[in-house]
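A look at the structure
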Amino acid sequence: MAIAHEFKHARRAVALTGAGISAESGLGTFRGRDGLWSRYDPAVVASIESFNQNPRKFWEFARDIGWKFLEAKPNAAHIALVELEAMKHLHCVVTQNIDGLHQRAGNKSVIEIHGNIGRVNCTMCATTYAAENIVDSLVQQDVPTCQRCGGTLKPDVVLFGEEIPKKTLAEALKRVRSADVLLTVGTSLEVYRASSFPELAKENHAKVISINMERTRWDDFSDYQVHGSAADVLPRIVQAIRISF
Ligand code: OAD
């Protein structure tokens, strides 16, 4: 398999993941017919403007969708990326996902460019809490507040209208720019910055491999495209690497 060959000879392979890799963990995607954004308008429920204007309404939505993210378990696609990393065929994962499933699966090097819903920050004093440590506040308070200063809490996720934290973005760009293989998995690549990553990687002559359930407008840009579920395709790639010379 040509893709296995690329991984075997890569020295700095980077995986860029999106919601599709967590689909088989029971988490829906954002776009498409059944996507979250077909039911909710992200500008209304998931923007920094809506959080600032009406934090109570924002938290209603965050609670609605948040528990599912916190309870999800990694699937075979996440495990395959852990195996690739352990085999030294994957340098790091850059993910747009906020579900923390790559770390829960066991990947060591993960850059979360959109944050993690398992963390909550105080908007006043910047204290960070693990959501699991403040479950009572999250359940009981309409707008959860900081135990130290009483400030309004906000999930540690990048909302529409917010920038990716500078340090995180710089680290992600460094990894992508120096990649010799960029594997994109389960992402429509509709959202900037991630949408620019394949081109940045190509500037370094990286091979771009895309695994996605359906075609995206980036398909023609990739060197290899595999259409199918990440939970089927990724373990097959790992298997092919194992048996190849
Ligand atoms: P999207 O919902 O835009 O795209 C998910 C992609 O995954 C689609 O192209 C699907 O075809 C594909 N897919 C679905 N099931 C799959 C499976 N089992 N295996 C492989 N592929 C599958 O999600 P993202 O590209 O991640 O931002 O969206 C990017 C950002 O937009 C998100 O991080 C989020 C959202 O607004 C924030 O929350 C800031």
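Our structure's up above, just so we're on the same page.
Residues numbered from 1 in each chain as written. Predicted model: local features only at pLDDT ≥ 70, side-chain atom pairs only at ≥ 80, totals over all residues. Heavy atoms only, no water.

With that settled, consider the sheet that holds strand β5 (residues 128–130). Pairing in this open sheet of 3 strands is antiparallel, and the strands run β5-β4-β6 from one edge to the other. Each edge of the sheet is formed by a strand with only one pairing partner; in this case those strands are β5 and β6 (153–157). Neighbour-to-neighbour, the strand axes of the sheet open up by a mean angle of 40°, direction not taken into account. Bridging between strand β4 (residues 115–122) and β6 involves 5 bridges; their strand directions are antiparallel. Bridging across to β6, C122 finds its partner in L153. (Pairing = 2+ DSSP bridges. Helix = DSSP H or I, 4+ residues; strand = E, 2+ residues; numbered from the N terminus. Axes fitted to C-alpha atoms, helices over the stretch in contact; angles between N-to-C directions.)

Our next topic: the site of the ligand. The ligand sits among 23 residues. The nearest are A19, F30, R31, T187 and S188. Between the ligand and N212 there is a distance of 2.8 Å, counted from an oxygen atom to a side-chain nitrogen or oxygen. Contact with the protein chains removes 92% of the 790 Å² of surface that the ligand exposes when unbound. Residues that form the shell around the ligand fall into these classes: 10 nonpolar, 11 polar and 2 charged. (Near = heavy atom within 4 Å. Polar contact = N/O pair within 3.5 Å; in protein donor to acceptor, adjacent residues only side chain to side chain. Areas by Shrake-Rupley, 256 points an atom, 1.4 Å probe, with all protein chains shown as cover. Nonpolar A, V, L, I, M, F, W, Y, C, P; charged D, E, K, R; others polar.)

Turning to helix α6 (residues 76–86), its buried residues number three or more, namely A77, H78, A80, L81, V82, L84 and E85. Tucked inside the fold, the buried residues of α6 contact α1 (2–9), β1 (13–17), β2 (92–95), α7 (101–105), β7 (181–185) and α11 (230–243). The opening residue of α6 is N75, an N-cap whose side-chain oxygen sits 2.7 Å from the backbone nitrogen of A77. Looking one or two residues past α6, K88 carries a phi angle of roughly 65°, positive in sign. (Buried < 20%, exposed > 50% of the residue type's maximum accessible area, 1.4 Å probe, protein only. Contact = heavy atoms within 4.5 Å.)

For the rest of this paragraph, the subject is the state of the cysteines. Note on terminology: disulfide describes a covalent bond linking the sulfur atoms of two cysteines. Enumeration according to the criterion identifies 0 disulfides in this entry. In this structure C122 is not part of a disulfide, and its nearest cysteine sulfur, from C149, lies 3.6 Å away. (Disulfide = S-S within 2.5 Å.)

Each turn of an α-helix holds 3.6 residues, which means side chains three or four residues apart point in the same direction. The terminal C-alpha atoms of helix α9 (residues 166–177), which comprises 12 residues, lie 16 Å apart, in line with the 16 Å expected from a rise of 1.5 Å per residue. Within the sequence span of α9, burial applies to L169, A172, L173, R175 and V176. Seen along its axis, α9 keeps its buried residues to an arc of 165°; they face one direction. Those residues of α9 that are exposed and angled more than 90 degrees off the buried face are K166 and K167. Where α9 is buried, its residues contact β1, β2, β3 (110–112) and α10 (197–203). (Expected span 1.5 Å × (residues − 1). Arc of directions from axis to C-beta.)

Counting buried residues in strand β8 (residues 207–212) gives 5 out of 6 residues, a clear majority hidden from the surface. Note: β8 against strand β9 (residues 224–227), 4 bridges, orientation parallel. Among the inter-strand pairings, I209 is bridged to a residue of β9, identified as Y224.

Attention now goes to the side chain of Q96. On the secondary structure map, Q96 appears in the loop between β2 and α7. In this view, Q96 contacts L16, T17, G18, I113, H114, T187 and A194; residues no more than four positions away in its chain are not counted.

Turning to the packing of aromatic side chains, a few remarks are in order. Enumeration according to the criterion identifies 6 aromatic pairs in this entry. The interplanar angle of 70° and the centroid separation of 4.9 Å between the aromatic rings of Y40 and F61 together place this pair among those described as edge-to-face. With a gap of 21 residues between them, Y40 in the loop between α2 (36–39) and α3 (42–45) and F61 in helix α5 (residues 55–71) connect regions that are remote in the sequence. Classification of F61 as buried rests on a relative accessible area of 8%. Each ring, one from F58 and one from W59, has its centre 6.4 Å from the other, and the planes form 90°; the classification is edge-to-face. Three or more aromatic residues joined by ring pairs form one cluster here, namely F30, W37 and F160. (Phe/Tyr/Trp six-rings, centres within 6.5 Å; stacked < 30°, edge-to-face > 60°.)

Hydrogen bonds between backbone atoms are what pair the strands of a sheet, whose relative direction is either parallel or antiparallel. Sheet architecture is open: 6 strands sit in the order β3-β2-β1-β7-β8-β9, paired in parallel fashion. Looking at strand neighbours, the two that pair on one side only are β3 and β9, the edges of this open sheet. For this sheet, the mean inter-axis angle between neighbouring strands, taken without regard to orientation, is 15°. The sheet contact formed by β2 and β3 spans 3 bridges and is parallel. Across the sheet, the residue bridging to V93 is V110, located in β3. This element, α9, spans β1, β2 and β3 of the sheet and lies at about 130° to β3.

So yeah, pure geometry; function would need other evidence.
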